[in-house]
Amino acid sequence: MNDILSSVNQLELSDSEARIFDYISKHRDVVAWMTLEDLCNKLYVSNATIVRFTQKLGCTGFSEFKFRLRTLPTVDKQELNTILPKKAAQFDDIISSIQEEDILYICKSIHECSSFYIYGRNISSIPATYLYDMLTTIGIPCIIVDWFDALESLSQTISSTSLILMMSEHSHEEYLPIVQNLHKRGAKIVWICSSQINKESIKCVDLSITSSTNDETMSKLSTLTYVQAIIDMLETNRAPV
Amino acid sequence: MSAINLNNEIIRNLSENEMVILKYIYYNTNEVSKMDIKSLSNAIPCSSSTIVRFCKKLGFTGFSELKYRIKTDTTLSLPPNDNQAILSLTQVAKRIQTDVKGSLSLVSEESLYNVAKLLLSDDPVYVFMPGGITDTLCHYFTKLFMANGRPNIYKLASSHLAKQKISSLSKNSIMVFISTSGKWEKTIELVKLSNLYGIRIISFSPYTDNELAKYSDYNLRFFSEKRNIGDAEYTSRLAIFFIIHTLVEYYCALKETPANHE
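Here the structure is a predicted model, which means the values were calculated and not measured. (Residues numbered from 1 in each chain as written. Chains lettered and ligands numbered in written order. Predicted model: local features only at pLDDT ≥ 70, side-chain atom pairs only at ≥ 80, totals over all residues. Heavy atoms only, no water.)

(A) Focus on the overall build of chain A. When its secondary structure is counted, chain A shows 13 helices and 5 strands. The C-alpha extent of chain A, read off along each of the three principal axes, is 65 × 35 × 35 Å. The buried share of chain A, reckoned over its 241 residues, is 52%. For chain A, the proportion of contacts with a sequence separation of at least 24, taken over those separated by at least 6, is 69%. Carbon together with sulfur atoms contributes 49% to the accessible area of chain A, which is approximately 10800 Å² in total. Mean positive and mean negative side-chain charge positions of chain A (21 and 30 charges, respectively) differ by 3 Å. (Helix = DSSP H or I, 4+ residues; strand = E, 2+ residues; numbered from the N terminus. Buried < 20%, exposed > 50% of the residue type's maximum accessible area, 1.4 Å probe, protein only. Contact = heavy atoms within 4.5 Å. Areas by Shrake-Rupley, 256 points an atom, 1.4 Å probe, with all protein chains shown as cover. Lys, Arg positive; Asp, Glu negative; His and termini not counted. Charge placed at Lys NZ, Arg CZ, Asp CG, Glu CD.)

The structure is reproduced here in structure tokens:
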């Protein structure tokens, strides 16, 4: 991948943008984990100026710009003393990416469905089991499916008033006939996936959430934060409408 | 219904007649909250004094207090109507943020470094699974460390098994305990036993004063507001997931940089 900063033609930058570029070139490891607000305060420029600058570099906004800064091979090897601040910044990114309408949609669907299934296997069984245990404790009935074969069988018999919340690392090909069956039978499907869901599968899904952050397929921290938001929303509001 | 606190001891001490009263109250909560003692004794049927004795066994002063608690509980359990404020995601996110950011800003870097360094060895690690929601954290801990190449990680899935195992462990073993309260009696019993046998102990416990931290050689702390429904606890574990993952990153970073081993 080309260095995103090397593509900057300084001659086309305004004074403020040149100042932003200068700061980022000198502190790229720090900026890669900063919030937009912190960077604005640091440089005394507006959010819009920074966003415009990142768009000049071909990014959709500051989040993508940060992501590209992080993934560049030139970023130094992780130092021990940067792990905690990075983890805190990662959490900030996750929490700001959660969409309220997604959480409300999931909570409403849980309240309206006749049966609520939660699917997750391998590392995804962690957020799936966590959600199942917490909801069972607060009195919301749900069924855990942590086995692919059981999911396959369920897709043949599920009722049209059921809801299934799927969590996975990827949208593997093997899931396609399953989501097609679930969809054909009228069940509502919500899929939280650590990577982009493929085009064919996404047609059958009622709500898809891509929980991709740094190292998500191994850490599941983004999915777990989503799950916690669902639990807290259900627990505090009982029946959001 | 969480108004009635039913611990094991109370249930064990209820007579057959008292179990009938309990069952009636459970199935007819709304009606009972509006009844007087006479109507209830007729409906079950039993004597008024049996009902009063039953209420006292449950820790109430009498039937009036039981009724009051049921009423309050029923009001709380009702789904919100349109006039009730719905907690927004911003408010929910703020709660989550307090736990996670608070934990990450206060966890000791030195403890993370020391625990990661301890885990760099191939010494056997035993993770005690206390049951319930905390087990998911134990699975997360073992899965992540195994996926990152840490050998010799064992799960101890019951307190009896753990007790038996701890008494025969070699001195180079490491025990891992996770507790959201730091006070769970089975965990405390096992941590004391491990301490007695000179086994190194890593624990994850809250910032509040707790016994688990006292008996541990290495303690990683977190924030989490305690949440309960009756006897069942559903405190958020999100901050602990973040702390475990941070520890794994320390472990991986140390593994890649041999200079840090010293």
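That was the structure; now back to the text.
(B) Local environment of the overall build of chain B. Of regular secondary structure, chain B possesses 13 helices and 7 strands. Per-residue burial over chain B gives 47% buried out of 262 residues. Partitioning the intrachain contacts of chain B with sequence separation of at least 6 by distance along the chain shows that 69% fall at a separation of at least 24. A total of about 13000 Å² of accessible surface is found on chain B, and carbon and sulfur atoms cover 51% of it.

(C) Layout of the domain arrangement of chain B. Examined at the domain level, chain B breaks down into domain 1 (8-82) and domain 2 (109-261). Using C-alpha coordinates to define each centre, domain 1 of chain B is positioned 42 Å away from domain 2 of chain B. (Domains from an automatic or database assignment.)

(D) Seen up close, the interface of chain B and chain A. Each partner contributes to the interface: chain B provides 49 residues, whereas chain A provides 42 residues. Roughly 4000 Å² is buried in total at the junction of chain B and chain A, and carbon and sulfur atoms are behind 70% of that figure. Considering only the side of chain B, the residues that lose the most area to chain A are L89, Y234 and F242 of chain B, jointly responsible for 15% of the buried surface there. Across the chain B-chain A interface, the total number found is 6 salt bridges. Across the pair D232 of chain A and R95 of chain B runs a salt bridge whose closest N-O atoms are separated by 3.8 Å. Counting every contact that joins chain B to chain A gives 11 residue pairs in polar contact (both at pLDDT 80 or more). Within the residue set of the side of chain B that touches chain A, elements represented by two or more residues are helix 6 (63-77), helix 7 (89-106), helix 8 (109-119), helix 9 (134-147), strand 7 (232-233) and helix 13 (238-256) of chain B. (Buried area = accessible area lost by both parts, 1.4 Å probe. Salt bridge = Lys/Arg side-chain N within 4 Å of Asp/Glu carboxyl O. Polar contact = N/O pair within 3.5 Å; in protein donor to acceptor, adjacent residues only side chain to side chain.)

(E) Just the sheet that holds strand 1 (residues 125-128) of chain B, in detail. All names here are of chain B. Taken in spatial order, the 5 strands of this open sheet run 2-1-3-4-5, and their pairing is parallel. For this open sheet the edge positions go to strand 2 (153-156) and strand 5 (218-222), each flanked by a neighbour on one side alone. Adjacent strand axes in the sheet meet at a mean angle of 20° when their direction is disregarded. Inspection of the sheet shows strand 1 paired to strand 3 (residues 174-178) by 3 bridges, in the parallel sense. Within the sheet, the bridge partner assigned to V125 lies in strand 3 and is I174. Sheet strands touched by helix 11 (residues 185-196): strand 1, strand 3 and strand 4 (200-206). Its angle to strand 3, the strand with the most contacts, is close to 160°. (Pairing = 2+ DSSP bridges. Axes fitted to C-alpha atoms, helices over the stretch in contact; angles between N-to-C directions.)

(F) Just the packing of aromatic side chains, in detail. Throughout the structure, instances matching the rule amount to 14 aromatic pairs over all chains. Site record: aromatic cluster; members linked through ring pairs are Y119, F148, Y175 and W191 of chain A. (Phe/Tyr/Trp six-rings, centres within 6.5 Å; stacked < 30°, edge-to-face > 60°.)

(G) Layout of the nonpolar core. Counting 87 residues, the largest nonpolar core has F116 and L131 of chain A together with F141, F204 and L247 of chain B as the members making the most contacts within it. Per-element accounting of this core gives the leading share, 14 residues, to helix 13 of chain B. Within the second largest apolar cluster, 24 residues are counted, among which are I4, W33, F62 and L69 of chain A. (Core = buried A, V, L, I, M, F, W, Y, C linked by side-chain atoms within 4.5 Å.)

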